[in-house]
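# Notes for the structure review
As a plain string of letters, each chain reads:
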Amino acid sequence: MWEAIRVTLLLAAVTTPLLLLLATPLAWWLAKGAGWVRDTVAAVVALPIVLPPTVLGFYLLIALGPHSPLMALLQPFGVRTLAFTFTGLVIGSLVYSLPFAVQPIRNAFEAMGPRPLEVAATLRASPWDAFWSVALPQARRGYVTAALLVFAHTIGEFGVVLMIGGAIPGQTEVVSIRIFQAVEQLNFAEAHLISGGLLAFSFVALMIMLVIDRRFGARSAGIRP
Amino acid sequence: MIQVDLSGMVGDLALSVRFEAGAGLTALMGPSGSGKTTLLRAIAGLERLSGRVQVGDAVWQAEDRFVPVQKRAVGYVFQEPSLFSHLSVEGNLDFALRRSPKTVDKGAIVDLLRIGALLPRQVARLSGGERQRVAMARALLSGPDLLLMDEPLSSLDQAARAEILPLIRDVAESVPVLYVSHDPLEVARLTQRVLYLHNGRLSERAAVTLDGLSQAEIEALALKALGS
């Protein structure tokens, strides 16, 4: 059980900052206009919300498996496959939780509007300077929401992780899979313990989000619980 | 000396404007939709019209160049006070001061706009008039050679307007100001130099002087100006 908790927390701790980094330019670009190219990209980013996790996991398994063209590119570096590895799990989590990072950050950038950046420009701030000194701090609520959602979502992952991780204890077995296996083995005590822990964790995460929402004013930026 | 020669399409409106302005405050008036704000934004470089903009010796825009906003010595006061909500009043002022290439006397500007007591306050706790005063101070702290003001009083109540109007006059003594307004009374209190923008073109008109006029006459003038 403790191994599974360790792997899960590590996965969430690695996925969250990586995904915030990845989602930032994407959310920025999506917030900066409309058009069919952006709509298409927005739809692809949102796919993991509606796609059954097993479908996503299946394609990721193919993509990260030894016969995929993607892995062929990595073979000169001694990487044959990323399926059933922790790295593969991280990649899967990044894809699976992408919309939960992009959406709140994008909303925050959109809620900010163009004015603060125009003001910054008239005060001699370059676009890069304005991004760091104005856009990021103004969107901080979106970032907190995104971080909490991604962290919580990664902790609760099941289908994707099962498909590409294969539940190897100590490496790719996470808590949600551990619960499933405990129930299969009729080990209800352990299933109760982990489930109760996840329930409490999820509740606390949502409470934190609500409090942050209140604190930072009325404007909504992000998915409300 | 400010020289502006700009033209272009703004929606359905063909804007074609050419004027020069010197020190002090020049008002830019005209009915809504006449392109006042677009013109101001184009002078700042926030929007692109074709033509030429020169302020002093600095050419901001010409056929072969378009200096980006952040490299223009321009101050801009927007219609609604656009302070950075993540910074305090002092933080907003320092944002401009840190990036200003000139040495600016912060204390003098803080005194000029009477915002000394507001410095530690959060932006959200300021009144509309206080915000606009801070926005003006912030624009001045960036060391502008030209200050553009886009109806800075229009979102304020009468008391706040009466309080800020003389401050704008004071500000215009140290930096040339181009002031957009649709309120003839407001403009009459500020300057004798008025440019009227109508159907995308400029016309200069005789200045309105309020001295010695009765309240009724002033109101009649205002109505006439609004009707045009």
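Residues numbered from 1 in each chain as written. Chains lettered and ligands numbered in written order. Predicted model: local features only at pLDDT ≥ 70, side-chain atom pairs only at ≥ 80, totals over all residues. Heavy atoms only, no water.

If you look chain B up in an unreviewed UniProt entry, it shows as ATP-binding cassette domain-containing protein from Asticcacaulis currens.

Quick note on the threshold: UniProt positions are given in the numbering used here, feature names are shortened, and annotations may be inferred rather than shown by experiment.
As annotated in an unreviewed UniProt entry, chain A is Molybdenum transport system permease from Asticcacaulis currens. Its UniProt record, at the heading Sequence similarities (unreviewed entry), says of chain A: "Belongs to the binding-protein-dependent transport system permease family. CysTW subfamily."

## What about a nonpolar patch on the surface?
All names here are of chain A. Which entries qualify depends on this criterion: Within this analysis, patches are made of residues with over 30% relative accessible area and no salt bridge. Like charges are joined at 9 Å or less; nonpolar side chains (Val, Leu, Ile, Met, Phe, Trp, Tyr) at 5 Å or less. Per-residue and other accessible areas were derived by the Shrake-Rupley procedure at a 1.4 Å probe size, with only the shown protein chains allowed to occlude residues. Throughout this description, the term salt bridge denotes a Lys or Arg side-chain nitrogen within 4 Å of a carboxyl oxygen of Asp or Glu. A helix here means a DSSP run of H or I that spans at least four residues, while a strand means a run of E at least two residues long, and both kinds are numbered starting from the N terminus. With a 1.4 Å probe rolled over the protein chains alone, any residue whose accessible area is under 20% of its type maximum counts as buried; one over 50% counts as exposed, and the rest are partly exposed.
On the surface, F203, V204, M207, I208 and L210 cluster together into a nonpolar patch covering about 440 Å² of accessible area. Inspection of the secondary structure puts I208 in helix α11 (residues 188–215). Looking at I208, the relative accessible area reads 38%, which means it is partly exposed.

## Observations regarding helix α2 (residues 36–50) of chain A
Residues and elements named next belong to chain A. Quick note on the threshold: The span you would expect from a helix comes to 1.5 Å times its residue count less one. Note that bend, as reported per residue, equals the angle between axes fitted to the 7 residues terminating at that residue and the 7 residues originating from it. Whether two residues are in contact is decided by their heavy atoms, any of which lying within 4.5 Å being enough.
Over its 15 residues, α2 runs 20 Å from end to end, which matches the ideal 21 Å to within 8%, given 1.5 Å per residue. Roughly 30° is the biggest bend found in α2, and it falls at V44, with proline P48 one to four residues downstream. Among all positions in α2, only R38, V45 and P48 are buried. The inward-facing, buried residues of α2 contact α1 (2–31), α3 (53–64) and α5 (86–112).

## Section: the side chain of R178(A)
Its place among the elements puts R178(A) in helix α10 (residues 175–184). In this structure R178(A) touches M1(A), A4(A), E173(A), Q185(A), E190(A) and I194(A), once residues within four positions along its chain are discounted.

## With respect to the interface of chain B and chain A
Applicable threshold: A quick way to say it: buried area is the sum, across both parts, of accessible area lost when two parts are put together, with a 1.4 Å probe. Two N or O atoms form a polar contact when they lie within 3.5 Å of each other; inside protein one atom must be a possible hydrogen donor and the other a possible acceptor, and for residues adjacent in sequence the pair counts only when both atoms belong to side chains. Each residue is assigned to one class: nonpolar for Ala, Val, Leu, Ile, Met, Phe, Trp, Tyr, Cys and Pro, charged for Asp, Glu, Lys and Arg, and polar for all the others, Gly among them.
In this assembly, 23 residues from chain B lie in contact with 18 residues from chain A. Carbon and sulfur atoms make up 58% of the area that chain B and chain A hide from each other, which totals about 1800 Å². It is Q70(B), H86(B) and R99(B) that lose the most area in chain B upon contact with chain A, and together they represent 35% of the buried surface on that side. The interface formed by chain B and chain A contains 3 salt bridges. Residue R115(A) pairs with E80(B) through a salt bridge whose shortest N-O separation is 2.3 Å. One can count 10 residue pairs in polar contact (both at pLDDT 80 or more) joining chain B with chain A. If you list the elements that add at least two residues to the side of chain B that touches chain A, you get β7 (74–77), α2 (89–99) and α4 (128–141) of chain B. Take the side of chain B that touches chain A: its biggest share by element is 3 residues, from α2(B). For the side of chain B that touches chain A, the per-class residue count stands at 12 nonpolar, 6 polar and 5 charged.

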